[in-house]
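Fold and contact review
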Amino acid sequence: MKRILKVIIILFLIIFVLPIVLYSFYQRTNYHVITGSLDAQRISGIAIQKNDPTICGKIKKGFDLGPGPSEQELKDNCFIKTATSLKDIKICENVSSLFKKSCYVSIAYETNDEKLCELGDDFGKGQCYGRIAASKRDFHVCEGTQSQSVKNACYVFANQPIGDMSICDKKISDFVNK
């Protein structure tokens, strides 16, 4: 009789208690996203506060509530926000190739470092150089790239907060006269 009781107790522990313990451990080692982007923002805040970008890699998407970002997009968003806040381009290496260039550009905006603009795609480069040129109030930043289309985009974006059309007229005439 004691032997049967021991077997029943062991089975009870295996069937009911062990799964609860394992699930509790799983919950503590991963960050679960149920409500999508809001949870991901909260998790990126934790990663920034703890200065630990590996937290972003622990995001697990809960049950799907319909259209919304994928688990990888939530992780990418977290890594980009953490990299930007911590101003650390090494964190961008964790971002999927689709969003990696935007990670570098985000850090360029945050640090006003136009050299990082070169790591973006062509449209992103022009916008990046332009925003930094506007921030520094220095149109010479636009000359930091070899591509004429990037320079043109830079002048457009740099001029938006100023609204001085003569700058664009001068740059267009410079381009035509070359």
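From a predicted model like this one, the values you see are computed outputs, not experimental measurements.

Okay, the overall build of the protein chain next. On a plain count of helices and strands, the protein chain comes out with seven helices and two strands. When the helices and strands of the protein chain are listed from N to C terminus, the series reads α-β-α-β-α-α-α-α-α. Within the protein chain, buried positions represent 31% of all 178 residues. Of all intrachain contacts in the protein chain linking residues separated by at least 6 positions in sequence, the fraction that spans at least 24 positions is 38%. About 11,300 Å² of surface is accessible on the protein chain, with carbon and sulfur atoms providing 61% of the total.

In a regular helix each residue adds 1.5 Å, so 16 residues correspond to 22 Å; helix 3 (residues 71–86) covers 22 Å between its end C-alpha atoms and thus fits that length. Just past helix 3, the residue K87 takes up positive phi, approximately 55°.

This part is about the packing of helix 5 (residues 122–136) against helix 6 (residues 148–159). Two numbers describe how helix 5 lies on helix 6: the axes approach to 7 Å, and their chain directions differ by 40°. For the element pair helix 5 / helix 6, the angle class is oblique. Seen from above, helix 5 lies across helix 6 with right-handed handedness. Facing D122, F123, K125, G126, Q127, Y129, G130, R131, A133 and A134 of helix 5, the residues of helix 6 in contact are V150, A153, C154, F157 and A158. Here the contact of helix 5 with helix 6 is composed, by residue class, of nine nonpolar, three polar and three charged.

Helix length check: helix 4 (residues 97–111), at 15 residues, gives a terminal C-alpha distance of 22 Å against a target of 21 Å (1.5 Å per residue), a fit within 8%. The set of residues buried in helix 4 consists of C103, Y104, V105, S106, I107 and A108. Looking at the packing, one finds that the buried side of helix 4 touches helix 3 and helix 5. In the stretch just after helix 4, N112 is the one whose phi turns positive, near 60°.

In this section: the side chain of T145. In this fold, T145 is placed in the loop between helix 5 and helix 6. T145 gets classed as buried once you look at its relative accessible area, which sits at 5%. Not counting the four nearest positions on each side in its chain, T145 is found in contact with E118, Y129, V150 and K151.

With that settled, consider the environment of I43. Relative to the helices and strands, I43 resides in helix 2 (residues 37–49). Placed 32 residues apart in sequence, I43 and K75 show a C-alpha to C-alpha distance of 9.6 Å.

Right, let's get into the packing of aromatic side chains. Aromatic rings in a pair are described by how distant their centres are and how their planes are angled relative to each other. On inspection of all chains with the given rule, the structure shows one aromatic pair. Measuring from ring centre to ring centre gives 6.1 Å for F139 and Y155, while their planes differ by 10°; the resulting arrangement is stacked. Placement of the pair is F139 in the loop between helix 5 and helix 6 and Y155 in helix 6, with a sequence separation of 16 residues. Above the ring of Y109, the side-chain terminus of R131 is found at 3.6 Å from the ring centroid.

What follows is about the confidence of the model for the protein chain. Regions with low pLDDT carry predicted coordinates that are not meant to be interpreted in detail. For the protein chain, the average pLDDT comes to 78, and 70% of its residues sit at 70 or higher. Contacts of residues 24–30 to residues separated by more than four positions or lying in other chains number six contacts, the stretch itself having pLDDT below 50.

About the criteria used
Residues numbered from 1 in each chain as written. Predicted model: local features only at pLDDT ≥ 70, side-chain atom pairs only at ≥ 80, totals over all residues. Heavy atoms only, no water. Helix = DSSP H or I, 4+ residues; strand = E, 2+ residues; numbered from the N terminus. Buried < 20%, exposed > 50% of the residue type's maximum accessible area, 1.4 Å probe, protein only. Contact = heavy atoms within 4.5 Å. Areas by Shrake-Rupley, 256 points an atom, 1.4 Å probe, with all protein chains shown as cover. Expected span 1.5 Å × (residues − 1). Axes fitted to C-alpha atoms, helices over the stretch in contact; angles between N-to-C directions. Parallel < 35°, antiparallel > 145°, perpendicular 65-115°, else oblique. Left-handed = near helix turned anticlockwise from the far one by under 90°. Nonpolar A, V, L, I, M, F, W, Y, C, P; charged D, E, K, R; others polar. Phe/Tyr/Trp six-rings, centres within 6.5 Å; stacked < 30°, edge-to-face > 60°. Lys NZ or Arg CZ within 6 Å of the ring centre and 35° of its normal. pLDDT = per-residue confidence, 0-100.

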